[in-house]
Every structure is written in structure tokens, then in C-alpha cells.
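Remarks on the overall topology
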Amino acid sequence: MADNKFYTVTKEIKGKKYVAQFNGLSYVLKLTDDTYISDTSSNHSNVKMSEKLFNDVIVEPKGLTPDSFDDMDEYNEVTNFAMDVAKGKFRDKQDTGEEKSKG
């Protein structure tokens, strides 16, 4: 089991640099719970999801909104990047973050 370590990942999308922060798996579980359209719905709100991702996961540039993008392709690529980082899908499968002891 990994320690509660927060990581940042940088990705260039359409010539712009985005920095996303992994906030631990409990964050993505809470994100899922907090973005349902209503208490009785099993559907998620794209607006709620992007607001939380842009506020909590994308740490650079600050202040993103859906209107920060020129088209849906760019918006989707950035939100997918943010969601992947939130889920911990940003490291090489071989890089576990643990260093093997020598000797």
C-alpha cells in the first residue's frame, strides 16, 4: 500500500502546459459521490465534474472553466487528463515509486 503522497504531473495539450495533482484515491471516490446530478440520479453532471477537477486537480493554470477552451476536443482532453491523474493513472506500470534495496 502506498503512503499518502501527492504527485504532480505535467502534460502539454494543444501547445498549453497543464499541471495536475494526484490527491489520493479518497479524493476521486468523494469526487464521484459529489458530482451526481441529484440525490436520486445515477448520472454525473459534467459541469460539477469539470468544476471540481479544474479547482482541485489542475493546479496550473489556475481558474480554468469550460469556457477556457476553444473546442470540446481540447476540453475533453484536459478533463480526461485530470481524471486519469485523480485516479492515479499517471505513472509507468513499472515505476511503483518504491526503490528496491540493493545488496
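A brief look at the structure comes next. (Residues numbered from 1 in each chain as written. Predicted model: local features only at pLDDT ≥ 70, side-chain atom pairs only at ≥ 80, totals over all residues. Heavy atoms only, no water.)

Here's the deal with the nonpolar core
Nonpolar side chains tend to gather and get buried jointly when the protein is soluble and globular. Heads up, the rule is: For our purposes a nonpolar core is just a set of buried Ala, Val, Leu, Ile, Met, Phe, Trp, Tyr and Cys residues, chained together by side-chain atoms within 4.5 Å. When a residue's accessible area, from a 1.4 Å probe over protein chains only, is under 20% of the maximum for its type it is buried; when over 50% it is exposed; and in between it is partly exposed. Each helix corresponds to a stretch of at least 4 residues labelled H or I by DSSP, and each strand to a stretch of at least 2 residues labelled E; elements are numbered beginning at the N terminus. Every residue pair with non-hydrogen atoms within 4.5 Å of one another is taken to be in contact.
Core analysis: the biggest nonpolar cluster contains 23 residues, and Tyr-18, Val-57, Ile-58, Phe-81 and Val-85 have the highest contact counts within it. At the level of elements, strand 1 (7-13), strand 2 (16-22), helix 1 (25-34), helix 2 (46-56) and helix 3 (72-86) are the ones that each hand at least two residues to this core. With seven residues, the top contributor of residues to this core is helix 3. Those residues in contact with Val-57 that lie beyond four places of it in its chain are Val-19, Ala-20, Gln-21, Asn-23, Tyr-27, Lys-52, Ala-82, Val-85 and Ala-86.

So, helix 3
Test applied: By definition here, a helix of n residues has an expected span of 1.5 Å times n minus one. Any pair of nitrogen or oxygen atoms within 3.5 Å is treated as a polar contact; in protein, a donor-acceptor pairing is required on top of that, and neighbouring residues in sequence qualify only through side-chain atoms on both sides.
Between its first and last C-alpha atoms helix 3 spans 20 Å; for 15 residues at 1.5 Å apiece the expected length is 21 Å, and the two agree. Turning to helix 3, its buried residues number three or more, namely Glu-74, Tyr-75, Val-78, Thr-79, Phe-81, Ala-82, Met-83, Val-85 and Ala-86. Buried-residue contacts for helix 3 involve strand 1, strand 2, helix 1, helix 2 and strand 3 (58-60). One side-chain oxygen of the residue at the start of helix 3 lies 3.1 Å from the amide nitrogen of Asp-73, identifying that residue as Asp-71.

Focus on the pattern of salt bridges
Selection criterion: Counted as salt bridges are all cases of a side-chain nitrogen of Lys or Arg within 4 Å of a carboxyl oxygen of Asp or Glu.
Inspection of the entire model under this criterion finds five salt bridges. For Glu-74, the salt bridge goes to Lys-16, with nearest N and O atoms at 3.2 Å. Here Glu-74 is found in helix 3, whereas its partner Lys-16 is found in strand 2, with 58 residues between them in sequence. Take Lys-16: its relative accessible area is 34%, and that puts it in the partly exposed class. The salt bridge partner of Asp-56 is Lys-52, with a shortest N-O separation of 3.9 Å. In this pair, Asp-56 and Lys-52 both sit in helix 2, four residues apart, roughly one turn of the helix. Asp-56 gets classed as partly exposed once you look at its relative accessible area, which sits at 28%. Judged by relative accessible area, which is 26%, Lys-52 ranks as partly exposed.

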